[in-house]
Amino acid sequence: MKIKEIQLLHVKLPMRYPFKTGFGTIDNRETLIVRLTSSEGVVGYGESAALTEPIYLSETISTCQHVIRDCIAPRIKGRNLNIKQYLDATSDLKEHQIAKFGVECAIWMILSKLKGVPLTKLLGSTRSQIEIGESIGILPTIKQTLQVIDKRLTQGYKRIKLKIHPGWDLKLLSAVRHQYPDIVLMVDANSSYTLNDLPLFQELDRYHLLMIEQPLGYSDLLDHAKLQSAINTPICLDESITSYDQARYAIELKSCRIINIKPRRVGGLSQVIKINRLAKEHHIPLWCGGMLESDIGKAYNLLAASLSEFTLPADSTTTGQFYSSDLTQEGIHFTNGVASLSTKPGLGYTVDQGNLKKYSINQEIIKL
Ligand code: OSB
Ligand code: MG
């Protein structure tokens, strides 16, 4: 299979309300849709869902456009591609995981369609039902947070994740645990604390949390190891796990006991498969995180979550929750907090061409 055209669609989705986290507020979601056409005329989609600024990870939509156009495109031009050949062709490119991920997904999709085999089968999935949890951003009041939790529990979500940052932590958790002593609950600090906050994390041990996600510096494996040895609650790393090797270092250093895998953060579904194997060897539970992707990106997250070690609920929202309109015809929906994976070859969802066009603010075509 060869790629004859790459389209980069810079899309801006209509966001219904801002999402506030320890790293800042996302109030305007732009993303990059990667559309590849093979020489047979088969189309595959990927999403390089970086943010517009490097406030969560270091890549941006602009760096993804640059790397795909100027570095990945010339390397895959005219070459026969399966996943291994794509990885070989781009192996000299350092970092830029989100850019690589967008192209790799589109290649997986084309291969799945050409072979007539569902992606779950190509990836080696072991489950077709994915349990979902909700990630609740920092809201103006505790009362509003309790209302959202109530709604999500009624909808059947399997666990609740609360964003915390200094000043929005103990009081919040005490109120939530008072109202819901037994729900499966976790927090995500998005790197907003330091080791000086150790007493706070020791106090958090009282709230029997499932895990504390990324409490310290975004690339800091050392302080996380120190913190993990001083508290009982498992630490889960998100921002710090940018590759298979970082996952290996974190496990060996005991920087965490759980890993949040975002397929785009580690550079591709191929890397997710490798980390899944590593996690199995070391008995490290995984779960799939999200970063407010469009439906296209979310569909790939759910596929990643179908691998064997993804035993904890994935972060995801349904179509319509953050964006009033999205990019697939079917939309992403859950029944009682569970997503069912499609068994069709390809993405498993039909891309809504009308919406893709409507929400594109810039389009670039690269002929190979
Ligand atoms: O830290 O997990 C995170 C969204 C954007 C960037 C980082 C994070 C998040 C979330 C939301 O927590 C997860 C989702 O997409 O449902
Ligand atoms: Mg996180």
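The structure we're discussing is the one just above.
The present account deals with the structure reproduced in this document. (Residues numbered from 1 in each chain as written. Chains lettered and ligands numbered in written order. Predicted model: local features only at pLDDT ≥ 70, side-chain atom pairs only at ≥ 80, totals over all residues. Heavy atoms only, no water.)

Describing the overall build of the protein
A count of helical and extended segments in the protein gives twelve helices and 15 strands. Taking 2.2 N^0.38 as the reference for a compact globule, 368 residues should give roughly 21 Å; the C-alpha atoms of the protein span a radius of gyration of 20 Å, in line with that estimate. With the C-alpha coordinates aligned to their principal axes, the bounding extent of the protein is approximately 60 × 40 × 35 Å. Out of the 368 residues in the protein, the part that is buried amounts to 60%. (Helix = DSSP H or I, 4+ residues; strand = E, 2+ residues; numbered from the N terminus. Rg over C-alpha atoms; globule rule 2.2 N^0.38 Å. Buried < 20%, exposed > 50% of the residue type's maximum accessible area, 1.4 Å probe, protein only.)

Some points on helix H1 (residues 61-76)
Three or four residues apart is the spacing at which side chains of an α-helix point the same way, because the helix has 3.6 residues per turn. If you look at H1, its biggest bend is around 35°, right at Ile68. For H1, the full list of buried residues reads Ile61, Cys64, Gln65, Val67, Ile68, Cys71, Ile72, Ala73 and Ile76. Packing partners of the buried residues in H1 comprise strand E1 (3-13), strand E4 (29-38), strand E5 (43-48), helix H2 (83-89), helix H3 (97-115) and strand E15 (360-367). Directly beyond the C-terminal end of H1, a positive phi value near 75° is found at Gly78. (Bend = angle between axes of the 7 residues up to and from the residue. Contact = heavy atoms within 4.5 Å.)

Focus: the coordination of the magnesium ion (ligand 2)
For the magnesium ion (ligand 2), every protein donor is listed as Asp188 (OD), Glu213 (OE) and Asp238 (OD), and the spread of their distances is 2.1 to 2.3 Å. Coordination of the magnesium ion (ligand 2) draws on donor residues from a single chain, spaced D-x24-E-x24-D in sequence. With a gap of 25 residues between them, Glu213 in strand E9 (residues 212-213) and Asp238 in the loop between strand E10 (235-237) and helix H9 (244-253) connect regions that are remote in the sequence. (Donors = N, O, S within 2.8 Å, 3.2 Å for Na, K, Ca; no water.)

Some thoughts on the site of ligand 1
What surrounds ligand 1 is a group of 17 residues, the closest being Ser135, Lys163, Asn190, Lys262 and Leu292. The side chain of Ser135 places a nitrogen or oxygen atom 2.9 Å from an oxygen atom of ligand 1. In this structure, Met291 approaches ligand 1 through a main-chain N or O atom, which is 3.3 Å from an oxygen atom. Looking at the shell around ligand 1, its residues break down into six nonpolar, four polar and seven charged. (Near = heavy atom within 4 Å. Polar contact = N/O pair within 3.5 Å; in protein donor to acceptor, adjacent residues only side chain to side chain. Nonpolar A, V, L, I, M, F, W, Y, C, P; charged D, E, K, R; others polar.)

Observations regarding the packing of H9 against helix H10 (residues 269-282)
Interaxial distance between H9 and H10 falls to 9 Å at its minimum, and their mutual angle equals 15°. Between H9 and H10, the angle is such that the two are roughly parallel. Our pair here, H9 against H10, has a crossing hand that is right-handed. Listed contacts from H10 to Tyr244, Ala247, Arg248 and Ile251 of H9 are Gln271, Lys274, Ile275, Leu278 and His282. Residue classes in the contact of H9 with H10 are distributed as five nonpolar, two polar and two charged. (Axes fitted to C-alpha atoms, helices over the stretch in contact; angles between N-to-C directions. Parallel < 35°, antiparallel > 145°, perpendicular 65-115°, else oblique. Left-handed = near helix turned anticlockwise from the far one by under 90°.)

Section: the pattern of salt bridges
Counting across every chain of the model gives 17 salt bridges. Between Asp88 and Lys84 there is a salt bridge; the shortest N-O distance is 2.9 Å. Placement of the pair is Asp88 and Lys84 together in helix H2, with a separation of four residues, close to one helical turn. Accessibility expressed as a relative area gives 42% for Asp88, which makes it partly exposed. (Salt bridge = Lys/Arg side-chain N within 4 Å of Asp/Glu carboxyl O.)

Section: the sheet that holds E4
As summarised here, the arrangement of the four strands in space is E5-E4-E1-E15, forming an open sheet in which the pairing is antiparallel. Here the strands that pair on one side only, and so sit at the sheet edges, are E5 and E15. Each strand axis lies, on average, 20° off the axis of its neighbour in the sheet, ignoring direction. Where E1 lies against E4, ten bridges are found, and the strand directions are antiparallel. Residue pairing for E4: Val11 is matched across the bridge by Thr31. Sitting on the sheet, H1 is in contact with E1, E4, E5 and E15, with an inclination near 175° to E1. (Pairing = 2+ DSSP bridges.)

A closer look at unusual backbone geometry
At Lys254, a residue that is not glycine, the phi angle is positive and equals roughly 60°. By relative accessible area, which is 61% here, Lys254 ends up exposed. Phi at Leu292 takes a positive value of approximately 55°, unusual for a residue other than glycine. Mapped onto the fold, Leu292 is located in the loop between strand E12 (286-288) and helix H11 (295-304). Classification of Leu292 by relative accessible area gives buried; the value is 12%.

What to know about the pairing of E4
The buried fraction of E4 is high, at ten of ten residues. Burial along E4 is two-sided: the residues Arg29, Thr31, Ile33, Arg35 and Thr37 and Glu30, Leu32, Val34, Leu36 and Ser38 are all buried. Of the pairings in the sheet, the one linking E4 to E5 comprises six bridges and is antiparallel in character. Within E5, the residue paired with Ile33 across the bridge is Glu47. Counting the residues in the hairpin turn of E4 and E5 gives four residues, including Gly41, whose phi is positive at 90°.

Digging into the environment of Lys262
For Lys262, the location among the structural elements is in the loop between strand E11 (258-261) and H10. Separated by 26 residues in sequence, Lys262 and Cys288 place their C-alpha atoms 5.8 Å apart. Ignoring any residue separated from it by four or fewer positions in sequence, one finds Lys262 in contact with Tyr56, Asp238, Gly289, Gly290 and Met291. Here Asp238 takes part through its side chain, which lies 2.9 Å from a polar atom of the side chain of Lys262.

A closer look at the side chain of Glu47
The topology assignment puts Glu47 in strand E5. Buried charge Glu47 goes without a salt bridge, the closest partner of opposite sign being Arg264 at 5.1 Å. Polar contacts involving the side chain of Glu47 include one to the side chain of Thr31, which spans 2.7 Å. Apart from the residues lying within four places of it in its own chain, the contact partners of Glu47 are Thr31, Leu32, Ile33, Phe101, Gly102, Arg264, Glu293, Ser294, Ile296 and Gly297. (Lys, Arg positive; Asp, Glu negative; His and termini not counted.)

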